[in-house]
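# Geometric and topological summary
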Amino acid sequence: MAIVVKLDELLHDRRMTLTELAQRIDLTLANLSILKTGKARAIRFSTLEAICTVLGCQPGDLLEFQPDSAELERRCAA
Amino acid sequence: MKQSAALPMAWITLRIMIILVWIFFGSILALLLFSFLDESATSKLLGLGGLPESMSGIRSIAILGVLTAPINYAILKCLLDMVETVRSGDPFVRENAYRLNTIAWLLLVMGVANIILASSGKRVSIPQHAFYFDVTWSVNGWLAVILTFVLARVFAAGAMMREDLEGTV
């Protein structure tokens, strides 16, 4: 997927574990793992708000758009 | 969620219908084979009065019956598998959309077979015969085909929404 979740980096910068974040934002560890590993199909605004509040960051710090090679080729051809 | 009595009833009914389909298949196949072994006895048994043109017509209908039995089985098996998914509490899966689509196509085939059967029946039997075919063309069958195709699309959309929901954090 072209959207990359940078939760790992944010947690590392803030010396926080995934379990601790899960407890603070009242989300299951399993769901947070899905988000961290990039397997999530969608993220709720409420989840995004909770993560940004706890980690003191902007949504843009958490998510990044990286077009995959097929998408890049398609854009170049157009 | 409270379990409905309709599901166990549907499961049992479908199981019984599958057994009946195979009994029907075996009986028709036996009749067809017997008609080649002893034509006069078969004709007498069916009350055809020894008319050779009736026997060939009956054979063509029997062949059609033998061919449609596996289709009936496939429809019932798909329905049974769907009932199983409802019982397990997870009916909005892609497999059920594929199953409904398969059922719709098979119902379409059955509709065509029904037309052939109706025309063959009219050709070989008259009301005075003991073996009288009265298969008529029904609009309900074709409505069922359309309905099943639409339901297949509904299930496909439902399965997609379910997958999205499961992947939402």
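Before any of the text, the structure's been laid out above.
Description of the structure in this document. (Residues numbered from 1 in each chain as written. Chains lettered and ligands numbered in written order. Predicted model: local features only at pLDDT ≥ 70, side-chain atom pairs only at ≥ 80, totals over all residues. Heavy atoms only, no water.)

## Side note on the overall build of chain B
Along chain B, the regular secondary structure elements total 5 helices and 0 strands. Along chain B, helices (α) and strands (β) appear in the sequence α-α-α-α-α when read from the amino end. In chain B, which comprises 169 residues, the proportion classed as buried is 37%. About 10,200 Å² of surface is accessible on chain B, with carbon and sulfur atoms providing 72% of the total. (Helix = DSSP H or I, 4+ residues; strand = E, 2+ residues; numbered from the N terminus. Buried < 20%, exposed > 50% of the residue type's maximum accessible area, 1.4 Å probe, protein only. Areas by Shrake-Rupley, 256 points an atom, 1.4 Å probe, with all protein chains shown as cover.)

## Brief notes about the interface of chain B and chain A
Taken together, the contact between chain B and chain A spans 5 residues of the former and 10 residues of the latter. In total, chain B and chain A occlude about 720 Å² of area from one another, counting both sides; carbon and sulfur atoms represent 52% of this. Three residues stand out in chain B for area buried against chain A, namely Gly167, Thr168 and Val169 of chain B, and they jointly supply 75% of the buried area on that side. At the junction of chain B and chain A, the tally comes to 1 salt bridge. Put simply, Arg41 of chain A and Asp164 of chain B hold a salt bridge, and the shortest N to O gap is 2.8 Å. (Contact = heavy atoms within 4.5 Å. Buried area = accessible area lost by both parts, 1.4 Å probe. Salt bridge = Lys/Arg side-chain N within 4 Å of Asp/Glu carboxyl O.)

## Concerning the pattern of salt bridges
Residue and element names in this part refer to chain B. Enumeration over the complete set of coordinates arrives at 8 salt bridges over all chains. As a salt-bridge pair, Arg162 and Asp90 come within 2.5 Å of each other at their nearest N and O atoms. One end of the pair, Arg162, is in helix α5 (residues 139–166); the other, Asp90, is in the loop between α3 (52–87) and α4 (94–124), and 72 residues separate them in sequence. A relative accessible area of 29% places Arg162 in the partly exposed class. The exposure class of Asp90 is partly exposed, given its relative accessible area of 28%.

## Thoughts on the environment of Gly56 of chain A
Residue and element names in this part refer to chain A. Mapping Gly56 onto the fold places it in the loop between α4 (45–55) and α5 (59–62). Between the C-alpha atom of Gly56 and that of Leu10, which follows or precedes it by 46 residues, the distance is 9.7 Å. Apart from the residues within four sequence positions on either side, Gly56 is in contact with Arg14 and Ile51.

## What to know about the packing of aromatic side chains
All names here are of chain B. Going through the model one piece at a time under the given rule, you end up with 4 aromatic pairs over all chains. Seen in terms of ring centroids, Trp105 and Phe149 are 5.2 Å apart; in terms of plane orientation they differ by 85°. Their pairing is edge-to-face. In this pair, Trp105 sits in helix α4 while Phe149 sits in helix α5, placing the two residues 44 residues apart along the sequence. Of the aromatic side chains, those joined through ring pairs into one cluster are Trp22, Phe25 and Tyr73. Positioned above the aromatic ring of Phe36, the side-chain terminus of Arg59 is 4.3 Å from the ring centre. (Phe/Tyr/Trp six-rings, centres within 6.5 Å; stacked < 30°, edge-to-face > 60°. Lys NZ or Arg CZ within 6 Å of the ring centre and 35° of its normal.)

Without other data, these values stay purely geometric and don't point to any function.
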